[in-house]
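# Remarks on the overall topology
Spelled out from the first residue to the last, the chains are:
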Amino acid sequence: MRNGIFITGTDTGVGKTVVAGTLAYAFRRRKIDFGYIKPLETGIVDNDYLHRESDAALVKQAGALPEPLTKIVPYTFREALAPLLAARRQGIIISRDKLLNSIRKLIKPSRITIIEGAGGLLAPLCENYLVLNLIKELNFPTLVVCRTGLGSVNHTLLTLERLRREEIKPLGIIANHLSPEPGIAETTFISQLAEFDQVPILGELPYADNFQAEPATLDKLASHIDFKTLLRQIHS
Ligand SMILES: Nc1ncnc2c1ncn2[C@@H]1O[C@H](COP(=O)(O)OP(=O)(O)OP(=O)(O)O)[C@@H](O)[C@H]1O
Ligand SMILES: [Mg+2]
């Protein structure tokens, strides 16, 4: 198992970047050496957008990463689509070898490398290659970020089952509250999931109104993550 965390999710928009930013912030505060890679990011309309709005920029800011964005996100595409489709529509074909090479160049074994996937576990990354295939090849401990609302038990169990079918042991899950007004589905999510799966629950992040990667917000979110178990699980 590698010294890192692959962050996948039950879907796009579930909070993978918010979790990556929170981990980055907390690792920096704890003086834990780490890096972050977003191998492919879509919806990057121009350079200005990349520096202001991207996942890579958010995590770079949260973790005060010194690397330039080009060393964090090797591939960007204009349209906000799955990477395979966004690349094809720009006339670009990325092979599995090319993608793996560009990621491996950025991994330093001495530090915890956080890698954020794109979309959910079975999102197409490049030719004949899903997020799941990348996780399997990199052999990274895998963290699943999920929502907490209606349907989330189903999405989370499906994601965990698919990982295990590939003999990838999930590191744990982080449940993320995306609604300002949690109802019964949201507040019972963890207990419902725990009835059907023994996966470690590494955190339950509260809704952060108008989320910004600022210290006060990141501190609050980080206080809901079980870092002791997370770090133990990575290195076990
Ligand atoms: N705990 C939270 N409280 C409030 N808003 C949140 C929270 N987590 C995420 N969000 C918001 O939800 C949106 C999606 O989150 P995020 O970008 O982290 O998802 P993602 O899984 O990384 O998406 P993608 O698949 O596009 O990479 C963002 O606008 C983010 O600010
Ligand atoms: Mg993201």
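What comes next is a walk through the structure. (Residues numbered from 1 in each chain as written. Chains lettered and ligands numbered in written order. Predicted model: local features only at pLDDT ≥ 70, side-chain atom pairs only at ≥ 80, totals over all residues.)

## Quick look at the overall build of the chain
- Each helix and strand in the chain was counted, giving 11 helices and 10 strands.
- Projected onto its principal axes, the C-alpha coordinates of the chain cover approximately 45 × 40 × 35 Å.
- The buried share of the chain, taken over its 236 residues, is 45%.
- Of all intrachain contacts in the chain linking residues separated by at least 6 positions in sequence, the fraction that spans at least 24 positions is 76%. (Helix = DSSP H or I, 4+ residues; strand = E, 2+ residues; numbered from the N terminus. Buried ≥ 20, exposed ≤ 12 C-beta atoms within 10 Å, placed from the backbone. Contact = placed C-beta atoms within 7 Å.)

## Brief notes about the site of ligand 1
- Near ligand 1 there are 18 residues, and of these T12, G15, K16, T17 and F211 occur at the shortest range.
- Per-element accounting of the shell around ligand 1 gives the leading share, 3 residues, to helix α1 (residues 16-29).
- Each residue belonging to the shell around ligand 1 can be placed in one class, and the counts come to 8 nonpolar, 8 polar and 2 charged. (Near = placed C-beta within 6 Å. Nonpolar A, V, L, I, M, F, W, Y, C, P; charged D, E, K, R; others polar.)

## Quick notes on the sheet that holds strand β2 (residues 34-37)
- Sheet architecture is open: 6 strands sit in the order β2-β5-β1-β8-β9-β10, paired in parallel fashion. What marks the edges here is a single partner per strand, and that holds for β2 and β10 (201-205). For this sheet, the mean inter-axis angle between neighbouring strands, taken without regard to orientation, is 20°.
- Bridge count for β2 against strand β5 (residues 112-116) is 4 bridges, and the pairing is parallel. Within β5, the residue paired with Y36 across the bridge is I114. (Pairing = 2+ DSSP bridges. Axes fitted to C-alpha atoms, helices over the stretch in contact; angles between N-to-C directions.)

## Examining the packing of helix α7 (residues 152-165) against helix α9 (residues 189-196)
- The geometry of α7 relative to α9 is characterised by a closest axis approach of 10 Å and an angle of 40° between their N-to-C directions. Looking at the two axes, α7 sits oblique to α9. Considering only the axes of α7 and α9, their crossing is right-handed. On the side of α7, the interface is formed by S152, V153, T156 and L157, while α9 contributes F189, Q192, L193 and F196. (Parallel < 35°, antiparallel > 145°, perpendicular 65-115°, else oblique. Left-handed = near helix turned anticlockwise from the far one by under 90°.)

## With respect to the packing of α1 against helix α3 (residues 55-63)
- At a closest axis distance of 7 Å, the pairing of α1 and α3 adopts a crossing angle of 20°. Between α1 and α3, the interaxial angle falls into the category roughly parallel. Helix-helix and strand crossings are classified by hand; for α1 and α3 the assignment is right-handed. Along the contact surface, α1 presents T17, A20, G21, A24, Y25, F27 and R28, while α3 presents D55, L58, V59, A62 and G63.
- Residues of the contact of α1 with α3, tallied by class, amount to 7 nonpolar, 3 polar and 2 charged.

## Looking at the environment of Y49
- With respect to the helices and strands, Y49 occurs in helix α2 (residues 47-53).
- In this structure, the C-alpha to C-alpha distance between Y49 and K169, residues 120 residues apart in sequence, is 36 Å.
- Setting aside anything within four residues of it in sequence, one finds Y49 in contact with I44 and S54.

Function cannot be inferred from these measures alone, as they are strictly geometric.
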